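Coordinate inspection notes
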Amino acid sequence: DNIHLTITDVKISEVPGASRWRLSTWELPEDDKEGTPYIRDEAYVQGFLVPGQLQVFNAFGQTGRENAAILGRESDLFFDMTSSAPIPAGSDLLVAAGGAGPAGFKLFSETAELWTLNSVTGAAETKLGEWYCTGMRNLFDPENETAMNLTKEMYLPHPSACEWDETRREMLNSFDYSDPTAERIAQVVVLKITTGAPVHSPLRLKFKVQTPTDRTTFLQERWHIDIELVNHTNGMINLVTTNDGDPVPLSVVTQLPTEPPPEPSHVAPLTRVEVVIQLDPLDTGAEAFTLTAPPGYSFVHPCRVPFQENKTNNVDEMRCFPLPPLNGRSRARVDCEADRRETNAKGLGTECFRDAPAVIYISTPEASIPPAENVWFVEAVDGTNSSGGGDRLGRGTLAGFDIENMEVQVIYGSLASVPVDIGVVFTSRVDVPAQGKVMIKGPPDLQQFGCENKRGTVKPGSLGAITRCQTSVNPPRVTLTLNETLKAGLHLVIVPGETPRQNPQESLNTFDVFLQMPDDRNLDVSLKVPGEPVQQGLRASVLSFWWTQLLQYDTAFYVTVPIEILDDVDIPLWGILIDFPKEPDFQLDSSDIQASRSFGESLYLSPFQAQAGDSQLLVRLDKTRRLRTGLTLIRFPITRPEQLPVFNFWRIAFCGDQMGENGEGCTLGEPRTERGPAVISVFANGGFDPLEPSSPLEAVKITTGSGRRCEVSFWLLVMWSCFQGIIAELGM
């Protein structure tokens, strides 16, 4: 008789390999049914092959640039595993998902690979296998009848082993999910292992999937990973190693919204700014959000922005805690303070963000970072503590914003070793409160840069009255403390300085401008504002202006511009452009323009080019002659202004041989980049109030001293100028 035995609750050996079974039959003594049984027959049977244990110790996904498997998306999965049995060359690896039916994972074949891992770095090292049908496309071409006939009898570890990805996608697109009897498709991937691996070798399986659309379906899925070796002689298939459907530590996350991007209050470098971020937990049931900022940004403590009038504000329950950085990036936990005494429902920690944004403080880097790194990571986490820990339930990326310097221009005569007024024009994007500061850091090669030098003192311009001016060195720095609030907008300050002896290194020839709170916290910043390069072959100076004081019934006043040529000039100069203060613009009142020599040789002049109503005056020079040392006074009338200009400073440009006959090329735009090609150097001179008396009866100091230069009193210069004008009128 044939007897079939079923043995249950058997613990299989933990050591893989062939099993050997002993089968014995026993009989009781006939005369003593309660006696000791004795053996009758015994046989040894070669049993089945005990498979090894395949253990997946790590699993993760990658979806585009997201370091996670995202629900409802195509993702690359990575299973890191070891086997208690050696992996033989020529074996087949089958990975399949099951449990959730057609709504579960969809597997794609063509990119599937098996690698060994470096035990130190954890990086993929040696490829052991790839998709079973790699390189066989021509054998499965429906139009190749011969090839199709050959593959009819071909052994395949699974009927769907050679389904191409496009075939599977077409099948999935036409799949009828409403049919309860429809068989699941695209659930198995087969790899051919061409190189074996020893016992307990760390391995990495990589393949592409389409994840389930919801978390409930995902939790129903189980992964089955088998490595089989077929005996082609007898057709037997031996199971080498398997995970036997054990759980795989794979997490999937919900795709969180990627729009709108974070909205900063402004985008200055090295500044604490307010950022509005829209957060939505969707269906994650998360207890908190973990925010990871782009490199160089850092969350400050406290990172919750308090209530502010007429601005976007946080809800009362919102909390923000900076977290320890991860991989060099600053992080913060954002959640809602929830009362859990009445309910212990999940998701209370993020519920307050469904209809309200988060407004947080963050410090910006000194410059924009590359677009590939300029992203914010938002993670919805299942963690009820404030450490930011817990499983990731949702993940999204938000495009970051670029850093933009405050708009700043720095203007001064770019000639060697000359005392100059350095005009700093900036457009603030924020208000600076009273007792706040304007700090200007100059290039290290400036010989002087401070509150005062022999040229004069700081002219606050549009800053209004200042409480204090402080000078620092190494690097040269001027700090102005404001006496009243400085409103956002266009502003000007004039700082006295002295240019370098030689042209400085371009990377060091820069200014930094900081608008600060009274506690030195930055409000708006501009870094690496280019300084003027030193022009060789020309040493000149534009001295402080003087003017006739406007009295009650005057309709105009006269301005005198002293231009000193310090050394004989080695380069051609064809014109000098005098640009008047702006907004509202000073206007030339008439063509009563005069020039006189104070000492040395005067400028060799051609006719002036200007007309009444213009806000510029072009002094054309004799192109055939080089300038020599001397001081020339240029005098012209300005129409009485209704109010002082906002942009109350003068620019004087020296123009070279690229100037056209009518002054083409000798032009000044607002930014330096719009200067005409003929412009060689531009001086800045602080503006004045014509209702006040002109500078002084004290001596006008010539820029440098030599046997040919002296100090000439203000009135002597004026009298000399008038005397020259009388001689000219008499034709003498």
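The notes below deal with the structure included here. Here the residue index of a chain counts from 1 through its sequence in written order. Local features are withheld for residues below a pLDDT of 70 in this predicted model, meaning they are given only at 70 or higher, and side-chain atom pairs are given and counted only at 80 or more; totals for whole chains, interfaces and linings count all residues. The side-chain numbers reported here are obtained from all heavy atoms of the structure, hydrogens and water having been left aside.

Details of the overall build of the chain
The secondary structure content of the chain amounts to four helices and 43 strands. C-alpha atoms define the radius of gyration in this analysis, and the globule rule sets the expected value at 2.2 Å times the number of residues to the power 0.38. In terms of overall dimensions, the chain is more spread out than a globule: its C-alpha atoms have a radius of gyration of 42 Å, far above the 27 Å expected for 732 residues. The classification of residues rests on relative accessible area computed with a 1.4 Å probe and restricted to protein chains. Under 20% of the type maximum is buried, over 50% is exposed, and intermediate values are partly exposed. For the chain, the proportion of its 732 residues judged to be buried stands at 47%. Summarising the internal contacts of the chain: among those between residues at least 6 apart in sequence, 74% fall at separations of at least 24. Computed with the Shrake-Rupley method and a 1.4 Å probe, the accessible areas treat only the protein chains shown as cover for residues. Of the roughly 36,300 Å² of accessible surface on the chain, a fraction of 50% belongs to carbon and sulfur atoms. Each helix is a run of H or I in the DSSP string that is no shorter than four residues. Each strand is a run of E no shorter than two, and both are numbered from the N terminus. Only heavy atoms matter for contacts: two residues are in contact if any of them lie within 4.5 Å across the pair.

A closer look at the sheet that holds strand E19 (residues 329-336)
Two strands are said to pair when DSSP picks up at least two bridges between them. A sheet is described by the order of its strands in space; here seven strands give the open sequence E4-E13-E22-E21-E16-E19-E18, paired in mixed fashion. Each edge of the open sheet carries a strand with a single partner, namely strand E4 (69-70) and strand E18 (318-326).

Some points on the environment of Val-45
On the secondary structure map, Val-45 appears in strand E2 (residues 38-50). It is 7.3 Å that separates the C-alpha atoms of Val-45 and Leu-23, two residues lying 22 residues apart in sequence. Among residues more than four places away in sequence, those in contact with Val-45 are Ser-19, Arg-20 and Trp-21.

Examining unusual backbone geometry
Cis geometry is adopted by the peptide bond preceding Pro-260, which originates at Glu-259 and carries an omega value of -5°. Tracing the chain through its elements places Pro-260 in the loop between strand E13 (252-255) and strand E14 (263-264). The omega torsion across Asn-474 and Pro-475 is 0°, close enough to zero to call that bond cis. Position of Pro-475 among the secondary structure elements: in the loop between strand E29 (466-472) and strand E30 (477-482). In this model, Ser-417 sits at a positive phi of 50°, which is unusual for a non-glycine residue. Along the chain, the position of Ser-417 falls in the loop between strand E23 (407-411) and strand E24 (419-428).

Considerations on the state of the cysteines
One way to say it: the disulfide is the covalent bond shared by the sulfur atoms of two cysteines. Our working definition of a disulfide is a cysteine sulfur pair at a distance within 2.5 Å. For the structure shown, the criterion picks out five disulfides. Residue Cys-655 pairs covalently with Cys-666 via a disulfide, S to S 2.0 Å. Measuring the twist about the S-S bond at about 75°, one finds the Cys-655-Cys-666 disulfide to be right-handed. Highlighted residues: Cys-655 in strand E42 (residues 649-655) and Cys-666 in the loop between E42 and strand E43 (679-686), separated in sequence by eleven residues. Judged by its relative accessible area of 0%, Cys-655 falls in the buried class. Each disulfide in the chain links cysteines that, numbered along the sequence, combine into the pattern 1-2, 3-4, 5-6, 7-8, 9-10.

Examining a nonpolar patch on the surface
Only residues whose relative accessible area exceeds 30% and that form no salt bridge are eligible for patches; like-charged ones are grouped when within 9 Å, while nonpolar side chains (Val, Leu, Ile, Met, Phe, Trp, Tyr) are grouped when within 5 Å. A pairing counts as a salt bridge when a side-chain nitrogen of Lys or Arg comes within 4 Å of a carboxyl oxygen of Asp or Glu. The grouping of Ile-3, Leu-5, Ile-7, Val-10, Ile-12, Trp-21, Leu-23, Val-45 and Phe-48 at the surface amounts to a nonpolar patch, some 920 Å² of accessible area in total. Its place among the elements puts Ile-3 in the segment before strand E1 (17-27). Classification of Ile-3 by relative accessible area gives exposed; the value is 69%.

Thoughts on the sheet that holds strand E17 (residues 298-304)
A sheet is described by the order of its strands in space; here four strands give the open sequence E14-E15-E20-E17, paired in antiparallel fashion. Of all strands in the sheet, those bounded by a partner on one side alone are E14 and E17. Direction of pairing for E14 relative to strand E15 (residues 272-277): antiparallel, over a ladder of two bridges. Along E15, the bridge assignment pairs Pro-264 with Val-275.

Examining the layout of surface pockets
Approximately 510 Å³ is the volume found for the second largest pocket. Only protein atoms enter the 1 Å grid, on which a cavity is a set of points fitting a 1.4 Å probe that cannot get out and a pocket is an open set with protein on both sides within 12 Å along at least 5 of 7 lines, lining residues being those with an atom within 4 Å of a point. Around the second largest pocket sit 21 residues that line it, and Ser-265, His-266, Glu-274, Gln-308 and Lys-311 are the ones nearest its centre. In terms of residue count, E15 provides more of the lining of the second largest pocket than any other element does, four residues in total. Charged means Asp, Glu, Lys or Arg here, nonpolar means Ala, Val, Leu, Ile, Met, Phe, Trp, Tyr, Cys or Pro, and polar covers whatever is left, Gly included. When grouped by side-chain class, the residues that make up the lining of the second largest pocket number nine nonpolar, six polar and six charged. Grid points are joined across faces, edges and corners, and a volume is the space filled by probe spheres set on the points.

Regarding the packing of aromatic side chains
Here the aromatic set is Phe, Tyr and Trp, taking the six-membered ring for Trp, and pairing holds for ring centres within 6.5 Å; pairs whose planes are under 30 degrees apart are stacked, those over 60 apart are edge-to-face, and all others are tilted. What the rule picks out here adds up to 26 aromatic pairs. Where Phe-105 meets Phe-218, the ring centres are 6.1 Å apart and the plane angle is 70°; that geometry is what we call edge-to-face. On the criterion of sequence distance, the pair formed by Phe-105 in the loop between strand E6 (92-98) and strand E7 (106-117) and Phe-218 in helix H3 (residues 215-220) is long-range, its members being 113 residues apart. On the accessibility criterion, Phe-105 (1% relative accessible area) is buried. Taking the relative accessible area as the measure of exposure, Phe-218 reaches 12% and is therefore buried.

With respect to the nonpolar core
Residues grouped as a nonpolar core are buried Ala, Val, Leu, Ile, Met, Phe, Trp, Tyr and Cys residues, joined through side-chain atoms within 4.5 Å. Core analysis: the biggest nonpolar cluster contains 65 residues, and Val-559, Phe-636, Trp-650 and Phe-654 have the highest contact counts within it. Counting residues per element, this core draws most heavily on strand E36 (residues 556-565), which supplies five residues. Once residues lying within four places of it in the same chain are set aside, the contact partners of Val-559 are Phe-545, Trp-546, Trp-547, Ile-634, Arg-635, Phe-636, Ile-638, Trp-650 and Phe-688. Ranked by size, the runner-up nonpolar core spans 33 residues in total, among them Ile-87, Leu-205, Phe-207 and Trp-223.

Focus: the environment of Met-659
Turning to its location among the elements, Met-659 is positioned in the loop between E42 and E43. Its relative accessible area of 4% is what places Met-659 among the buried residues. Contacts of Met-659, omitting those with residues within four sequence positions, involve Trp-574, Gly-575, Leu-618, Arg-620, Glu-664, Cys-666 and Ala-678.

Interpretation note: all reported values are geometric properties and have no functional meaning in isolation.
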